[in-house]
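Given next are the chains, with one letter for each unit.
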Amino acid sequence: MTDQSTTVIDVRLFPRPLRHPIVFSLFDQLTPERGLELVSDHDPRPLRYLFDVKRPGSFCWDYLESGPATWRVSIRKALQVPDCKAAVG
C-alpha cells in the first residue's frame, strides 16, 4: 500500500543504465519517515544484490507484487523502521 510517506519510482520510465543509480540516490536521500516503492518489469534481484553489497544491513526489502508483468518492491532504511529487520543476503 502506497501512502504519502512513500515515493513511487517506476524504473521502466528510465534507460537501463540510469535505473540503479537513480534508486540508490533516492534511497540515500530518504528521511526516517519516508520509503521507496520500486516498480519494474522484471524481478529486481540484481538491484537487491547491489544493495546487499553497497548498503549491507541498512535496508528493508519487501516484495509487494511478484510479476509476471509488474514487480513492486518496498525499500526502507532499516535503522529508521523499528518493525523491520535489516535485509540479510
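Residues numbered from 1 in each chain as written. Predicted model: local features only at pLDDT ≥ 70, side-chain atom pairs only at ≥ 80, totals over all residues. Heavy atoms only, no water.

This structure, assessed with the given rule, holds 6 aromatic pairs. On the numbers, 4.3 Å between centres and 20 degrees between planes, the contact of Phe 24 with Phe 51 is stacked. Of this pair, Phe 24 sits in helix H1 (residues 16-28) while Phe 51 sits in helix H2 (residues 45-54); the two residues are 27 residues apart in sequence, bridging distant segments of the chain. Both residues of the pair, Phe 24 and Phe 51, belong to the buried class. Judged by centre distance (6.1 Å) and plane angle (70 degrees), the ring pair of Tyr 63 and Trp 71 falls under edge-to-face. (Phe/Tyr/Trp six-rings, centres within 6.5 Å; stacked < 30°, edge-to-face > 60°. Helix = DSSP H or I, 4+ residues; strand = E, 2+ residues; numbered from the N terminus. Buried < 20%, exposed > 50% of the residue type's maximum accessible area, 1.4 Å probe, protein only.)

This brings us to the side chain of Ser 40. Position of Ser 40 among the secondary structure elements: in strand E2 (residues 35-40). A polar contact is formed between the side chain of Ser 40 and the backbone oxygen of His 42, at a distance of 3.1 Å. Other than its neighbours up to four places away in sequence, Ser 40 contacts Val 11, Arg 12, Ala 69, Thr 70 and Trp 71. (Polar contact = N/O pair within 3.5 Å; in protein donor to acceptor, adjacent residues only side chain to side chain. Contact = heavy atoms within 4.5 Å.)

Here we take up H2. Every buried residue of H2 is listed here: Leu 47, Arg 48 and Phe 51. Along H2, the residues classed as buried sweep out an arc of 100 degrees about the axis, all on the same side. Opposite the packed face of H2, turned more than 90 degrees from it, sit the exposed residues Arg 45 and Tyr 49. Where H2 is buried, its residues touch H1, E2, strand E3 (59-66) and strand E4 (71-77). (Arc of directions from axis to C-beta.)

On a regular strand, each side chain points to the face opposite its neighbour's, so the side chains alternate between the two faces of the sheet. When strand E1 (residues 6-10) meets E2, the two strands line up parallel, connected through 5 bridges. Paired with Thr 6 across the bridge in E2 is Gly 35. (Pairing = 2+ DSSP bridges.)

Core analysis: the largest hydrophobic core is formed by 14 residues, its most contacted members being Val 23, Phe 27, Leu 38, Leu 47, Phe 51, Trp 61 and Ile 75. Residue assignment for this core shows that the elements contributing at least two residues are H1, E2, H2, E3 and E4. Counting residues per element, this core draws most heavily on H1, at 3 residues. In contact with Leu 38, other than residues within four places in its own chain, are Ile 9, Val 11, Val 23, Pro 44, Leu 47, Trp 71, Arg 72, Val 73 and Ile 75. (Core = buried A, V, L, I, M, F, W, Y, C linked by side-chain atoms within 4.5 Å.)

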